[in-house]
Amino acid sequence: MLEIFEYLCDNMFMKSKRYFNLFVVLLPFCLLVACSGNSPLFYTDFQKAMLEEVNFARTKPAEYAEQRLKSYFDSGKDNGAYTYMKAHSAVPAVELQNQLCSAAQKYAKYMAAHNKFGHNENGSPSSRCKAEGYNNYSGENIAAGGWEKYNAETDFKKAAEAFVLMFIVDEGVPGVGHRKNIMNGIHKKLGVGFYRYEKSKYRNYVVQDFGSF
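Since this is a predicted model, take the numbers as computed values, not measurements.

Quick notes on the rules
Residues numbered from 1 in each chain as written. Predicted model: local features only at pLDDT ≥ 70, side-chain atom pairs only at ≥ 80, totals over all residues. Heavy atoms only, no water. Axes fitted to C-alpha atoms, helices over the stretch in contact; angles between N-to-C directions. Helix = DSSP H or I, 4+ residues; strand = E, 2+ residues; numbered from the N terminus. Contact = heavy atoms within 4.5 Å. Nonpolar A, V, L, I, M, F, W, Y, C, P; charged D, E, K, R; others polar. Buried < 20%, exposed > 50% of the residue type's maximum accessible area, 1.4 Å probe, protein only. Salt bridge = Lys/Arg side-chain N within 4 Å of Asp/Glu carboxyl O. Parallel < 35°, antiparallel > 145°, perpendicular 65-115°, else oblique. Left-handed = near helix turned anticlockwise from the far one by under 90°. Polar contact = N/O pair within 3.5 Å; in protein donor to acceptor, adjacent residues only side chain to side chain.

Turning our eyes to something else, we now look at the packing of helix α2 (residues 45–59) against helix α3 (residues 61–74). Put simply, α2 and α3 touch, their axes get as near as 5 Å, and they point 115° apart. Across the interface between the two elements, Glu53, Phe56, Ala57, Arg58 and Thr59 of α2 pack against Pro61, Glu63, Tyr64, Gln67 and Arg68 of α3. Broken down by class, the residue content of the contact of α2 with α3 amounts to four nonpolar, two polar and four charged.

Here it is as structure tokens:
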């Protein structure tokens, strides 16, 4: 009986050792997967709220128009967005992507910290995404606003709604490029960045980086 017990213990030890060795080998790979691609572990509440609001517009444009734009349309302040969204076909939802989120977050912080605003203040959008290891960049939206409704630190859902609304109304932007980016079916991935800096001109800065694969 003792011999059987010793045999079982030896076998369990060997199996445990093999499993431990396998764990050691796979651990770096698991960490790499978790820290890149589409892992949801590292997304902020604001990033997730922004994704939800963007996909609301993309997948239910007519409903979005009724819920978010009707009052602007009635007051003549929608910049054509209400009619545009009512007529637009639904496009597939996008999903968050870590490398795009990293590029977007770093650029939002850069603009706020350096009191700058523009797409090419610290390299091009494409080069910033490539620096994070993402090579399928397909578009960028940036926005900033000093009003409290844009402060994602105090109310991330309200801020996400306010920024997406700003992009879709797109007042004063020739060709309403931000609106078209939101509704562009080529986009499959989304990166979101937010940074607030009280001493900067606009206080609250947002970046959306899109990817096609």
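A positive phi angle, close to 40°, is found at Val176, a residue other than glycine. Counting through the fold element by element, Val176 comes out in the loop between α7 (156–169) and α8 (177–182). Overall, Val176 belongs to the buried group, its relative accessible area being 15%.

Using the criterion set out here, one finds ten salt bridges in the structure. Glu161 is paired through a salt bridge with Arg68; the nearest N and O atoms lie 3.8 Å apart. A residue pair is termed long-range when its members are at least 10 positions apart, and Glu161 in helix α7 and Arg68 in helix α3 qualify at 93 residues. The partly exposed category is assigned to Glu161, whose relative accessible area is 32%. Classification of Arg68 by relative accessible area gives buried; the value is 17%. Lys189 serves as the salt-bridge partner of Glu95, at 2.2 Å between the closest nitrogen and oxygen. One end of the pair, Glu95, is in strand β1 (residues 95–96); the other, Lys189, is in strand β3 (residues 189–196), and 94 residues separate them in sequence. By relative accessible area, Glu95 is classed as partly exposed at 36%.

A few words now on the packing of α2 against α7. With their axes 8 Å apart at the nearest point, α2 and α7 run at an angle of 40° to one another. Looking at the two axes, α2 sits oblique to α7. As α2 packs across α7, the resulting crossing turns out to be right-handed. Residues Asp45, Phe46, Ala49, Met50, Glu53, Val54 and Ala57 of α2 form the contact with α7, whose own contacting residues are Phe156, Lys157, Ala159, Ala160, Glu161, Phe163, Val164 and Ile168. For the contact of α2 with α7, the per-class residue count stands at eleven nonpolar, no polar and four charged.

Turning to the side chain of Asn151, a few remarks are in order. With respect to the helices and strands, the residue Asn151 is situated in the loop between β2 (137–145) and α7. The exposure class assigned to Asn151 is buried, which follows from its relative accessible area of 4%. One polar contact links the side chain of Asn151 to the main-chain amide nitrogen of Glu153, over a distance of 3.0 Å.

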